[in-house]
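A look at the structure
The primary structure of each chain is shown beneath.
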Amino acid sequence: MAHIPTTERDSFGSKIGVIAAAAGSAIGLGNIWRFPYVLGNNGGGAFLIIYLVFVVGIGVPVMISEFIIGRRSQRNPYGAFVKLAPGKPWYLVGIMGILAAFTILSFYSTIAGWTLEYLIEAFSTGFQNMTKSSLNDNLNTFINNGYRPVLWQLIFMFLTGYVVYAGVKNGIEKYTKILMPILLVIIIVLDVNSILLPGAGKGLTFLFKPDFSKINGEVVLEALGQAFFSLSIGMGTLITYGSYIQKKENLGNTAVSVSMADTLIAILAGIAIFPAVFSFGINPEAGPSLVFVTLPLIFEQMTGGYFFAILFFSLLAIAALTSTISVLEVVVAYLSEERNMSRKKATVISAAAISVLGIGCTLSQGPAPQLHILGKSLFDAMDFLSANILLPLGGLFIVLFVGWQLKRLDVLDELSSGGQHKVAFFRVYLIIVRFLAPIAILLVFLNNLGVI
Ligand code: TRP
């Protein structure tokens with residue numbers, strides 16, 4: 001086994017740096033692109049409530065657990081389980097995480113590619129004089145072209161590989177500290193504009209007013225999947241980042257801050273989208289194309305829209321990049337620590353392999369609809385498989401691992417940084433990771449399998 005001495009591991013330099021990097025991973029297309037359309041497809045306000053319950057009750061504890069596993073072991077997700085539970089099959093959870101990295105990045109890079117196309121369009125036309133139907137046509141023409149979306153996807157994968165290869169420390173940490181606050185400001189400006197549109201109230205009602213008759217097993221599974229996806233939990237991204245967190249940092253506080261930031265951005269994205277959706281008469285169930293039509297419509301109408309369009313799509317691309325990096329990093333950390341590969345070789349091989357699957361996802365959206373499995377396009381299948389199956393399953397094993405495999409005192413030692421911090425909610429945390437979270441995840445699964 002390749003051996004990397006702990007002292008040589010990269011680590012984040014400061015508390016703010018840790019939060020920025022982890023929030024950079026969490027905040028991405030999942031918040032701005034996926035959250036609004038999944039909420040739209042699943043009944044609006046009722047979905048939001050279940051989502052929030054899952055973030056607080058399951059998401060935060062899973063995130064804390066990943067940080068614990070990573071920092072305790074100082075390893076990638078596979079090596080972490082091998083080191084903390086030698087000779088036991090827990091390493092399979094790490095392997096599942098690496099598989100999930102493939103499925104997530106393959107469809108994620110499709111949409112990340114779209115953001116680059118839209119960035120260029122923002123520069124060249126600023127969506128001036130476009131209408132709802134011309135924006136729809138515009139997106140369809142682009143998707144069905146095949147060649148352009150693939151090209152953008154490969155460019156995006158190249159950028160991701162470039163940053164990962166260069167190392168996480170001096171890139172991501174520095175970068176995310178500046179970019180994340182800017183993202184917040186832009187979203188707030190968009191929110192104000194959106195709320196002032198005629199008929200905006202209907203959108204806010206859709207987003208915030210729960211209609212409990214809309215809730216069924218599928219909606220609950222979607223909410224769980226979205227919570228895992230948005231928080232970047234369940235596949236070992238935050239095990240990997242946890243292994244870069246210095247011993248003195250407070251893991252519980254970090255997880256709470258990151259989860260709050262992530263949730264705030266998702267809700268702000270919802271406020272930017274839904275008033276506009278209703279004001280312009282767009283179907284809230286439009287699916288993945290939702291933000292690529294509504295936001296340009298807002299830009300077209302607002303003062304200074306040209307600049308905001310450019311700013312918005314650059315930030316979206318950057319938000320996506322700080323997330324794709326964190327996914328690729330899992331595979332690269334695994335290959336370089338466990339398979340004796342140089343970081344460079346590991347990056348090239350993993351980025352190339354993921355791109356092959358990724359191209360399939362991209363083409364399945366447009367010119368090659370025959371690329372489908374299990375009644376879904378390859379793109380939708382990868383999305384469903386990762387968010388709704390692999391991540392919750394990974395999360396289930398992660399909490400069980402911390403709850404039942406690790407020693408209670410070791411968990412407390414990690415959470416308190418060797419006694420430096422008070423751990424106020426330790427008992428509650430233990431009850432959640434041992435019982436409540438595993439039972440809740442299992443119930444959601446069984447319900448969807450039709451077992452209960
Ligand atoms: N959370 C990111 C987003 O919302 C995507 C992401 C990054 C992710 N790393 C992950 C999702 C790990 C699941 C697991 O855009």
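Attention in this report is confined to the structure presented alongside it. (Residues numbered from 1 in each chain as written. Predicted model: local features only at pLDDT ≥ 70, side-chain atom pairs only at ≥ 80, totals over all residues. Heavy atoms only, no water.)

1. Section: the overall build of the protein
Counted only if it meets this: Strands are runs of DSSP state E lasting at least 2 residues, helices are runs of H or I lasting at least 4, and numbering of each runs from the N terminus. Atoms counted for the radius of gyration: C-alpha only. Globule rule: 2.2 Å times the number of residues to the power 0.38. Residue contacts are counted whenever heavy atoms from the two residues lie within 4.5 Å of one another. Each accessible area is a Shrake-Rupley estimate made with a 1.4 Å probe; only the visible protein chains count as cover when residues are assessed. Counting rule applied: Lys, Arg positive; Asp, Glu negative; His and chain ends not counted. Charge placement uses NZ in Lys and CZ in Arg. For Asp and Glu, CG and CD serve respectively.
Along its length, the protein carries 18 helices and two strands. Relative to a compact globule of 452 residues, whose C-alpha radius of gyration would be 22 Å, the protein shows 21 Å and is just as compact. Dimensions of the protein, computed from C-alpha atoms along their principal axes, come out at roughly 60 × 50 × 40 Å. Considering only contacts within the protein whose residues lie at least 6 apart along the sequence, 82% involve residues at least 24 apart. Accessible surface, the protein: about 17,400 Å² in total, of which carbon and sulfur atoms supply 67%. One finds the centroid of the 28 positive side-chain charges in the protein at a distance of 9 Å from the centroid of its 23 negative side-chain charges.

2. A few points about helix H5 (residues 91–124)
Cut-off, in case you're wondering: One fewer than the residue count of a helix, multiplied by 1.5 Å, yields its expected span. The seven residues ending at a residue and the seven starting there each receive a fitted axis; the angle between those axes is the bend at that residue. Relative accessibility under 20% of the residue-type maximum defines a buried residue, over 50% an exposed one, and the middle range a partly exposed one, all with a 1.4 Å probe and only protein chains included.
For H5, built from 34 residues, the straight-helix expectation of 50 Å at 1.5 Å per residue is met to within 8% by its first-to-last C-alpha distance of 49 Å. Residue Ser109 marks the point of greatest curvature in H5, where the axis turns by about 25°. Within H5, 26 of the 34 residues are buried, which leaves the element mostly enclosed by the surrounding structure. Count one or two residues on from H5 and you reach Gly126, which has phi positive near 60°.

3. Remarks on the site of the ligand
Put simply, the test is: Whether a residue is near a molecule or strand depends on its heavy atoms: it is near if one of them lies within 4 Å of it. For the purposes of these results, a polar contact is taken to be a pair of N or O atoms within 3.5 Å, where, inside protein, one atom must be able to donate a hydrogen and its partner to accept one; residues adjacent in sequence count only when each atom of the pair is a side-chain atom. Asp, Glu, Lys and Arg are counted as charged, while Ala, Val, Leu, Ile, Met, Phe, Trp, Tyr, Cys and Pro are counted as nonpolar; the rest, among them Gly, fall into the polar class.
Around the ligand, the structure places 17 residues, and the nearest of them are Ala26, Gly30, Tyr108, Phe229 and Ser232. Between an oxygen atom of the ligand and a main-chain N or O atom of Ala26, the distance comes to 2.9 Å. One of the backbone N or O atoms of Ser230 is found 3.1 Å from a nitrogen atom in the ligand. Relative to its unbound accessible area of 360 Å², the ligand is 100% covered by the protein chains. Classifying every residue of the shell around the ligand gives eight nonpolar, nine polar and no charged.

4. Side note on the packing of helix H3 (residues 45–73) against helix H18 (residues 426–448)
Using the following cut-off: A fitted line through C-alpha atoms serves as each axis, taken over the contacting stretch for helices, and the angle formed by two N-to-C directions is quoted from 0 to 180°. If an angle is under 35 degrees, it is roughly parallel; if it is over 145, roughly antiparallel; if it lies from 65 to 115, roughly perpendicular; otherwise it is oblique. Crossing chirality is assigned from the near helix's rotation relative to the far helix, an anticlockwise turn below a right angle marking it left-handed and a clockwise turn marking it right-handed.
Here H3 crosses H18 at 120°, and the two axes come no closer than 10 Å. With respect to H18, the axis of H3 lies oblique. Crossing of H3 against H18: the hand is left-handed. Each of Phe54, Gly57, Ile58, Pro61, Ile64, Ser65 and Ile68 in H3 lies in contact with H18, whose residues at this interface are Tyr429, Ile432, Val433, Ala437, Ala440, Ile441 and Val444. When the residues that make up the contact of H3 with H18 are grouped by side-chain class, the tally is twelve nonpolar, two polar and no charged.

5. A short note on the pattern of salt bridges
This is how the line gets drawn: For this analysis, a salt bridge means a side-chain nitrogen from Lys or Arg found within 4 Å of a carboxyl oxygen belonging to Asp or Glu.
Counted under the stated rule, the structure contains ten salt bridges. Residue Asp410 pairs with Arg72 through a salt bridge whose shortest N-O separation is 3.3 Å. In this pair, Asp410 sits in helix H17 (residues 408–415) while Arg72 sits in helix H3, placing the two residues 338 residues apart along the sequence. Under the relative-accessibility criterion, Asp410 is labelled partly exposed at 27%. Note on Arg72: relative accessible area 26%, which makes it partly exposed. Look at the salt bridges and you will find they share partners, linking Arg71, Arg72, Lys247, Asp410, Asp413 and Glu414 into a network.

6. Points about the environment of Arg72
For Arg72 and Val18, which are 54 residues apart along the polypeptide, the C-alpha to C-alpha distance reads 16 Å. If sequence neighbours within four positions are ignored, Arg72 has contacts with Leu84, Lys247, Asp410, Asp413 and Glu414. Within the local environment of Arg72, its side chain forms a polar contact with the side chain of Asp413, the two groups lying 2.8 Å apart.

7. Side note on the environment of Leu221
Looking at the secondary structure, you find Leu221 in helix H10 (residues 217–231). Each C-alpha atom, one on Leu221 and one on Trp404, is 25 Å from the other, the two residues being 183 residues apart in sequence. If near-sequence neighbours (up to four positions away) are discounted, Leu221 is found in contact with Phe384, Asn388, Val444 and Asn448.

8. Some points on the side chain of Ser323
Among the structural elements, Ser323 can be located in helix H14 (residues 305–338). With a relative accessible area of 4%, Ser323 lands in the buried category. At 3.2 Å, the side chain of Ser323 forms a polar contact with the backbone oxygen of Ala319. Residues within four places of Ser323 in sequence aside, it is in contact with Gly24, Ser25, Ile27, Gly28 and Tyr108.

9. Points about the nonpolar core
Heads up, the rule is: For this analysis, a nonpolar core means a set of buried residues of the types Ala, Val, Leu, Ile, Met, Phe, Trp, Tyr and Cys, connected via side-chain atoms within 4.5 Å.
Ranked by internal contacts, the top residues of the largest apolar core, which has 158 residues, are Trp33, Phe54, Ile68, Phe292, Phe312, Phe313 and Tyr429. It is H14 that contributes the most residues to this core, 20 residues altogether. Setting aside its immediate chain neighbours within four residues, Phe313 contacts Thr115, Tyr118, Leu119, Ala122, Phe127, Phe292, Pro296 and Phe299.

10. Looking at unusual backbone geometry
What is expected of a backbone is that most residues other than glycine have negative phi and most peptide bonds are trans. The backbone of Asn129 sits at a positive phi, close to 60°, despite the residue not being glycine. Position of Asn129 relative to the elements: it lies in the loop between H5 and helix H6 (132–145). A positive phi is found at Asn340, a non-glycine position, where the angle reads about 60°. Looking at where Asn340 falls in the secondary structure, it is placed in the loop between H14 and helix H15 (343–365). On the accessibility criterion, Asn340 (62% relative accessible area) is exposed.

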